[in-house]
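# Chains, contacts and geometry: an overview
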Amino acid sequence: MKNKFILAAASAALMLFASCQKSPVSSEENGFLTFGGFSLEVDEALVTRADDAGDNYSISILNSDQQTVLTKTYAEVRDNENRISLPAGSYTLVARSLAGDVPVASWENPIYGTTKEFLIEAGEVTEIGNLVCTLLQCKVTVAYSDEFLATVTGACTTKVELAAGYPLEYKLNADGSFDESAGYFAVEGNTLEVVFQGSIDGQNKKMTKAFTGVAAKQWRQIRFIQKKNEQGEATFDVVINDLISDEVLNNVVGADSEPVIGEDPEAP
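Residues numbered from 1 in each chain as written. Predicted model: local features only at pLDDT ≥ 70, side-chain atom pairs only at ≥ 80, totals over all residues. Heavy atoms only, no water.

## Regarding the overall build of the chain
Definition in use: Helix and strand assignments follow DSSP, with helices taken as H or I runs no shorter than four residues and strands as E runs no shorter than two, numbered in order from the N terminus. Only the protein chains shown count as cover for residues, with accessible areas throughout obtained via the Shrake-Rupley method and a probe of 1.4 Å.
Along the chain, the regular secondary structure elements total 3 helices and 18 strands. Surface exposure of the chain reaches about 14,800 Å², of which carbon and sulfur atoms provide 48%.

What follows is the structure in C-alpha cells.
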C-alpha cells in the first residue's frame, strides 16, 4: 500500500513538472517595436525651443487597457538596438520631452509630446516611423505698448491664470522694464484670466479680463494698449496679438538634432 502511494505521488509530480514546462510564453508570441527608421528631421516651420529634447525624451508604452507596461528614455531604447520586445497585442506609444505630468504653470518650460497607436504581431517587427511632437501647453507672454508704458508711475504686476489657484505673475517696473519671460500653462480649462494691478498716472489701477478658446499648441501674447473711453479720458485695454495667438507650435523628436522654434513675430 505504501508503494502504491509513493508511485501515485511520483506520477503526480511528473504531471506537475510537465505542465510547468509548458507555462513559459514562447518568444514566438512576442514581436518587436523598432526605432530603426525613426526620423530625426527638424520642423523649421515655427520657432521655439524644447530643452533636453532627443535622447531625454520619455517613451512610455500603454497596453489596450491604457496601463503603462514600459517607460524608457529614447537613449535607453537606442542603446538596446533601437527596439523593444513586446507580447503580441495593441498598444499606444506616448512620447514626451519630460517624464511625468505636465506642470500646471511654469516659466520657460515648454513640454512637447505625442501619442501613436500601433500593433505588435507575434514574430514580426513593427516600425514606429516618424513622431511629430507638438506643444502640450499654452504659451503666454506679456507686452505693453510704448504709450501704455509712458503712463506707468510705479510697480505693477500682470497675473495670468488658466487653472484656478496656479497663477504666474509678470512684473512691470516703474522704469518701464518688464518681464518678457514665457509662461507655459497646462490646458486644464479654456479660459485665461488676466489681472493687472499697479500704479498708472499716479493712481492704483486694477483690471481683469478673460480670454476664451485657449488650447494647447497656442501662443497667446497679452498686450496692454492705451486708449480713450467714450468721455475722451485716457484708459487702457488688454488685447491678444492676433498675429501669433493661434500659431501652432510643432517640433519633431530627434536624437541628433535640437528641436527649435523661431523668433517672435513683431507685435502690431
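## A few points about the side chain of Ser145
Test applied: Contacts are residue-level and defined by heavy atoms, with any inter-residue pair within 4.5 Å sufficient.
Tracing the chain through its elements places Ser145 in the loop between β10 (137-144) and α3 (146-149). Excluding residues within four positions of it along the chain, Ser145 makes contact with Arg223, Phe224, Ile225 and Gln226.

## Observations concerning the pairing of strand β7 (residues 112-120)
The line we're drawing: In this scheme, strands are said to pair when DSSP sees at least two bridges between them.
In this structure, strand β5 (residues 89-96) lies alongside β7, joined through 8 bridges in antiparallel fashion. The residue bridging Ala95 from the neighbouring strand is Thr114, located in β7. Across 2 bridges, β7 lies against strand β9 (residues 132-135) in antiparallel orientation. Residue pairing for β9: Tyr112 is matched across the bridge by Leu135.

## Focus on the confidence of the model for the chain
How we decide: The quantity called pLDDT is the predictor's confidence in a given residue, expressed from 0 to 100.
Averaged over the chain, the pLDDT score is 76; the fraction of residues at 70 or greater is 69%. Across the chain, strand β12 (residues 167-172) holds the top mean pLDDT of 98, while helix α1 (residues 2-22) sits lowest at 37. In this model residues 1-27 is a low-confidence stretch, pLDDT under 50, and it forms 0 contacts with partners more than four residues away in sequence or in other chains. Here residues 252-268 is a poorly scored stretch, pLDDT under 50, and it has 63 contacts once near neighbours within four places are set aside; other chains count.

## Describing the sheet that holds strand β8 (residues 125-127)
Hydrogen bonds between backbone groups are what pair the strands of a sheet, and the pairing can be parallel or antiparallel. Counted only if it meets this: The angle between two axes is taken between their N-to-C directions and runs from 0 to 180 degrees, where each axis is a line fitted to C-alpha atoms and a helix contributes only its stretch in contact.
One open sheet accounts for 3 strands, arranged β4-β1-β8; its pairing is mixed. The sheet is open, and its two borders are formed by β4 (83-87) and β8, each paired with just one other strand. When the angles between neighbouring strand axes are averaged without regard to direction, this sheet yields 30°. Inspection of the sheet shows strand β1 (residues 30-34) paired to β4 by 5 bridges, in the antiparallel sense. What sits directly across from Thr34, in β4, is Arg83.

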